[in-house]
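Report on the structure
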Amino acid sequence: MDKSNIRGRLIPSFQRALLGMIYPSIRGIAIGFDGLKRLEVICYLDRKPNDEDYANISEVTSEVLADIEFESVREHCQYSEDPVFKLNSLDFWIYLRKE
């Protein structure tokens, strides 16, 4: 499956998975992938991450994996005060808060 087909499947899958899962401290969520070999998700926060943040992003990613099978997944929650344009967007932003 080529990159544009995977992206075309990822976007609606993440949109569904993120319904009701966004809360005020999330600044942005970046998505990266290497074919179906690897999915990477970075959740940027405006405060230090806690266990609930990791559980939240894991739940979102699990919903996506029910739609699309990746061989491996990497999930990160990261605190950053940097401007959004300095953050790593991987392949694309699936969510970005207005700042």
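Residues numbered from 1 in each chain as written. Predicted model: local features only at pLDDT ≥ 70, side-chain atom pairs only at ≥ 80, totals over all residues. Heavy atoms only, no water.

**Notes on the environment of leucine 96**
Formally: Secondary structure elements are taken from DSSP: a helix is a run of H or I of four residues or more, a strand is a run of E of two residues or more, and numbering for both begins at the N terminus. When accessible area is computed with a 1.4 Å probe and restricted to protein chains, residues below 20% of their type maximum are described as buried, those above 50% as exposed, and intermediate ones as partly exposed.
Within the secondary structure, leucine 96 is located in strand β4 (residues 92-96). Relative accessible area serves as the criterion here: at 40%, leucine 96 is assigned to the partly exposed category. Separated by twelve residues in sequence, leucine 96 and valine 84 place their C-alpha atoms 8.6 Å apart.

**Considering the packing of aromatic side chains**
Let me state the cut-off plainly: In this analysis, rings of Phe, Tyr and Trp, with Trp reduced to its six-membered ring, are considered paired at centre separations within 6.5 Å, and the interplanar angle assigns stacked below 30 degrees, edge-to-face beyond 60, and tilted for intermediate values. Geometrically, a lysine NZ or arginine CZ counts as sitting over a ring once it is within 6 Å of the ring centre and also within 35 degrees of the ring normal.
Here the structure, examined in full by the defined rule, presents one aromatic pair. Judged by centre distance (5.7 Å) and plane angle (55°), the rings of tyrosine 44 and tryptophan 93 are tilted. One end of the pair, tyrosine 44, is in strand β2 (residues 38-45); the other, tryptophan 93, is in strand β4, with 49 residues separating them in the sequence. Its guanidinium or amino end placed over the ring of phenylalanine 33, lysine 3 lies 4.9 Å from that ring's centre, counting from NZ or CZ. Note that arginine 7 overlies the ring of phenylalanine 92, its terminal NZ or CZ placed 4.3 Å from the centroid.

**Some words on helix α1 (residues 3-18)**
The cut-off we apply is this: Here the expected length of a helix is defined as 1.5 Å per residue gap, with one fewer gap than residues. As used here, the arc is the angular range of directions from the helix axis to the C-beta atoms.
Here α1 spans 22 Å end to end across 16 residues, near enough to the 22 Å set by a 1.5 Å rise per residue. Turning to α1, its buried residues are Ile6, Leu10, Ser13, Phe14, Ala17 and Leu18. Buried residues of α1, seen end-on, are gathered within an arc of 120° and therefore sit on one face of the element. Exposed positions of α1 whose direction lies more than 90 degrees from the buried face are Ser4 and Arg16.

**Considerations on the packing of α1 against helix α2 (residues 51-67)**
What counts here: Inter-axis angles, ranging from 0 to 180 degrees, are taken between N-to-C directions of lines fitted to C-alpha atoms, where helices are fitted over the stretch in contact. Any angle that is under 35 degrees is reported as roughly parallel, and any over 145 degrees as roughly antiparallel; angles of 65 to 115 degrees are reported as roughly perpendicular and all others as oblique. Crossings are classed by handedness, with left-handed meaning an anticlockwise turn of the near helix from the far one by less than a right angle and right-handed meaning a clockwise turn. Any two residues whose heavy atoms approach within 4.5 Å at even a single point are treated as in contact.
Interaxial distance between α1 and α2 falls to 9 Å at its minimum, and their mutual angle equals 135°. With respect to α2, the axis of α1 lies oblique. For the pair α1 and α2, the crossing hand works out as right-handed. Every residue of α2 that contacts α1 at Arg9, Leu10, Ser13, Phe14, Arg16, Ala17 and Leu18 is listed here: Val60, Glu63, Val64 and Asp67.

**Remarks on unusual backbone geometry**
For leucine 90, which is not glycine, the phi torsion reads 50° and is therefore positive. If you trace the backbone, leucine 90 turns up in the loop between β3 (72-79) and β4. By relative accessible area, leucine 90 is classed as partly exposed at 26%.

**Here we look at the nonpolar core**
Stated precisely, the cut-off is as follows: The set of buried Ala, Val, Leu, Ile, Met, Phe, Trp, Tyr and Cys residues whose side-chain atoms join them within 4.5 Å is what this entry labels a nonpolar core.
One finds Leu10, Phe14, Ile29, Ile31 and Leu39 to be the most contacted residues of the largest nonpolar core, which totals 22 residues. For this core, the secondary-structure elements that each account for two or more residues are α1, β1 (26-34), β2, α2 and β4. Per-element accounting of this core gives the leading share, five residues, to α1. Filtering out sequence-adjacent residues up to four positions away, isoleucine 31 remains in contact with Leu10, Phe14, Leu39, Glu40, Val41, Ser89, Leu90, Asp91, Phe92 and Ile94.

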